[in-house]
Structure formats: structure tokens, C-alpha cells
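Given next are the chains, with one letter for each unit.
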Amino acid sequence: MSTKILTEPVGSVAVGLPPMQRVTLTINGAEKQLEVAPWTSLLDLLREYLDLTGTKKGCDHGQCGACTVLVDGKRINSCLTLAVMKDGCEITTIEGLSKGDQLHPVQEAFIEHDAFQCGYCTPGQICSAVGLINEGHAKTTDDIRELMSGNICRCGAYPGIVAAVEQALKVSQPNQ
């Protein structure tokens, strides 16, 4: 049995790039229609197509959480998500959390507890905290630490972050 080494493409079928895809997303309350390459990540769509640079590109492997945004109220790593996968979804970035000059309670708590140092991870931390509160699973400080463990802070501002999330959680659940 011999092996033939091919030096040219098999057949005469032309190979090209897949066509651009149209996506419709509601981003921070505004509907956006865009034509994107099918391999465009949601993170790149936000930063490169829409100039929403609050969401940070950290590791680009879903390990640091700097790119966390909310999709239909649930937190995801936008660097690991193709934009075309979220066609028709509602996306909330750090820019969409405040209402004009009124900050989101999690943003206020981060400021009050000095829960940031360099601030690079802060948008992802805040979006993750909002998602955590939406999920309703955090009942204790240990729950908060565990559920926020996908967001890395290189400066080590974790005590302030946990305190801020605890405060925001109490504000969102005033009877507990």
C-alpha cells in the first residue's frame, strides 16, 4: 500500500470564505442589525463593530471573566460566544447597566466598597455580579465567592468585591 502526497486541492471546486451573516441584537436596549463574519465573537462585535469598549478582552479563552456580559439576563463569557449564536437576544454590557446618571446598585456598591484597583476586571466583575443576583443562587458569602470564581482580579480586590456583591444582594432582596 502506498501513500500519495497531494500537492494541490482535490477536485476543481472553488473554496472561499463563508458569506457574512446578518444578526439582530438588542444591545443595552437598542436594536442593532449587523453583517458579521460567522466567526466573529460577541466580544469583538461589541468592541470592534459597536465601539462598546467597556467589556474587556482579557485572556480570550474564557478563563478570566473580563469579557462577561449579560445575555437575556444571564452572564456569559463573550469571548467564547459567536455573535451569530445570539441572534435575536438581548445583550447588556457595563455601559447598559446604569440609567443615565443613576448607577446600578452593583456599580454603587463597588464604589462604596472600593472593589477595584486597576479597574480592568471591574466591568466583567459587575456584570457577573448582576447575573449572580439574577440567578438567585447566592445565599452566603461562600456562595458569592464560589459563584464569582470565574472572574479573576489580578490586583486582589476580592474582599471589596465580595462585600459589594453582598450589599447589592441585600438591596435586591430587602426582606432577607
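The structure reproduced in this document is the subject of the present report. (Residues numbered from 1 in each chain as written. Predicted model: local features only at pLDDT ≥ 70, side-chain atom pairs only at ≥ 80, totals over all residues. Heavy atoms only, no water.)

Looking at the packing of helix H2 (residues 105-112) against helix H5 (residues 158-172)
Selection criterion: To get an axis, fit a line to the C-alpha atoms, keeping to the stretch in contact for a helix; angles then go from 0 to 180 degrees between the N-to-C directions. A run of H or I in DSSP becomes a helix once it reaches four residues, and a run of E becomes a strand once it reaches two; helices and strands are each numbered from the N terminus. Oblique is the label for every angle not falling under 35 degrees (roughly parallel), over 145 degrees (roughly antiparallel), or within 65 to 115 degrees (roughly perpendicular). A crossing counts as left-handed when the near helix is turned anticlockwise from the far one by less than a right angle, and as right-handed when that turn is clockwise. Any two residues whose heavy atoms approach within 4.5 Å at even a single point are treated as in contact.
Packing of H2 against H5 brings their axes to within 8 Å, and their N-to-C directions diverge by 140°. Our classification of the angle between H2 and H5 gives oblique. Viewed along their axes, H2 and H5 form a crossing whose handedness is right-handed. In this structure, H2 uses Pro-105, Val-106, Ala-109, Phe-110 and Glu-112 to contact H5, whose residues at the interface are Ile-161, Ala-164, Val-165, Gln-167, Ala-168 and Val-171.

Some words on the side chain of Ser-41
Test applied: Only protein chains enter the accessibility calculation, which uses a 1.4 Å probe; a residue is then buried when its area is under 20% of its type maximum, exposed when over 50%, and partly exposed in between.
Note on placement: Ser-41 falls in the loop between strand E2 (30-36) and helix H1 (42-49). Take Ser-41: its relative accessible area is 8%, and that puts it in the buried class.

Quick look at the sheet that holds strand E5 (residues 90-92)
We apply this condition: In this scheme, strands are said to pair when DSSP sees at least two bridges between them.
Taken in spatial order, the five strands of this open sheet run E2-E1-E5-E3-E4, and their pairing is mixed. Each of the sheet's edge strands pairs with one partner strand only, and the pair in question is E2 and strand E4 (74-77). Each strand axis lies, on average, 40° off the axis of its neighbour in the sheet, ignoring direction. As defined by bridge partners, strand E1 (residues 21-27) adjoins E5 across two bridges and the pair is classed as parallel. Each bridged residue has a counterpart across the sheet, and for Ile-27 the counterpart in E5 is Ile-91. Here helix H3 (residues 122-135) sits on the sheet in contact with strand E3 (68-71), E4 and E5, set at roughly 35° to E3.

What to know about the packing of H2 against H3
Let me state the cut-off plainly: Classification convention: Asp, Glu, Lys, Arg as charged; Ala, Val, Leu, Ile, Met, Phe, Trp, Tyr, Cys, Pro as nonpolar; all other residues, Gly among them, as polar.
Remark: H2 packs on H3, axes separated minimally by 9 Å, with the N-to-C direction vectors making an angle of 125°. Relative to H3, H2 is oriented oblique. Judged by the twist between their axes, the crossing of H2 over H3 is right-handed. Together, Val-106, Gln-107 and Phe-110 of H2 and Thr-122, Gln-125, Ile-126, Ala-129, Val-130 and Ile-133 of H3 make up the contact between the two elements. Partitioned by chemical class, the residues of the contact of H2 with H3 number six nonpolar, three polar and no charged.

Considerations on the nonpolar core
The line we're drawing: We define a nonpolar core as any set of buried Ala, Val, Leu, Ile, Met, Phe, Trp, Tyr and Cys residues linked to one another through side-chain atoms lying within 4.5 Å.
Counting residues in each nonpolar core, the largest one holds 25 residues, and the members touching the most others are Leu-97, Val-106, Phe-110, Ile-144, Ile-161 and Val-165. Elements supplying a minimum of two residues to this core: H2, H3 and H5. Aside from chain neighbours lying at most four places away, what touches Ile-144 is Leu-132, Ala-138, Val-162, Val-165, Glu-166 and Leu-169. Judged by nonpolar contacts, the second largest core, of 15 residues, contains Leu-42, Leu-52, Val-69 and Ala-83.

Overview of a nonpolar patch on the surface
Our working rule: Patches here: salt-bridge-free residues with over 30% relative accessible area, like charges joined within 9 Å, nonpolar side chains (Val, Leu, Ile, Met, Phe, Trp, Tyr) joined within 5 Å. For the accessible areas, the method is Shrake-Rupley and the probe is 1.4 Å, while residue cover comes only from the protein chains on display. Whenever a carboxyl oxygen of Asp or Glu lies within 4 Å of a side-chain nitrogen of Lys or Arg, that contact is scored as a salt bridge.
On the surface, a nonpolar cluster with roughly 460 Å² of combined accessible area is contributed by Leu-17, Trp-39, Leu-82 and Met-85. Mapped onto the elements, Leu-17 comes out in the segment before E1. Residue classification places Leu-17 among the exposed residues on the basis of a relative accessible area of 72%.

With respect to the pattern of salt bridges
Once the charged atoms of two side chains with opposite charge are near each other, the side chains can pair. According to the stated counting rule, one finds five salt bridges in the structure shown. A salt bridge links Lys-57 to Asp-44; the shortest N-O distance between them is 2.9 Å. Residue Lys-57 is found in the loop between H1 and E3, and its partner Asp-44 is found in helix H1; the two are separated by 13 residues along the sequence. According to the relative accessible area criterion, Lys-57 is partly exposed, its value standing at 33%. Note that Lys-57 is salt-bridged to Asp-60, the shortest N-O span being 3.9 Å.

What about unusual backbone geometry?
A positive phi angle, near 50°, is found at Asn-28, a position not held by glycine. Residue position: Asn-28 is located in the loop between E1 and E2. Non-glycine residue Asp-51 carries a positive phi angle of around 60°. Following the sequence through the fold, Asp-51 ends up in the loop between H1 and E3. Overall, Asp-51 belongs to the exposed group, its relative accessible area being 60%.

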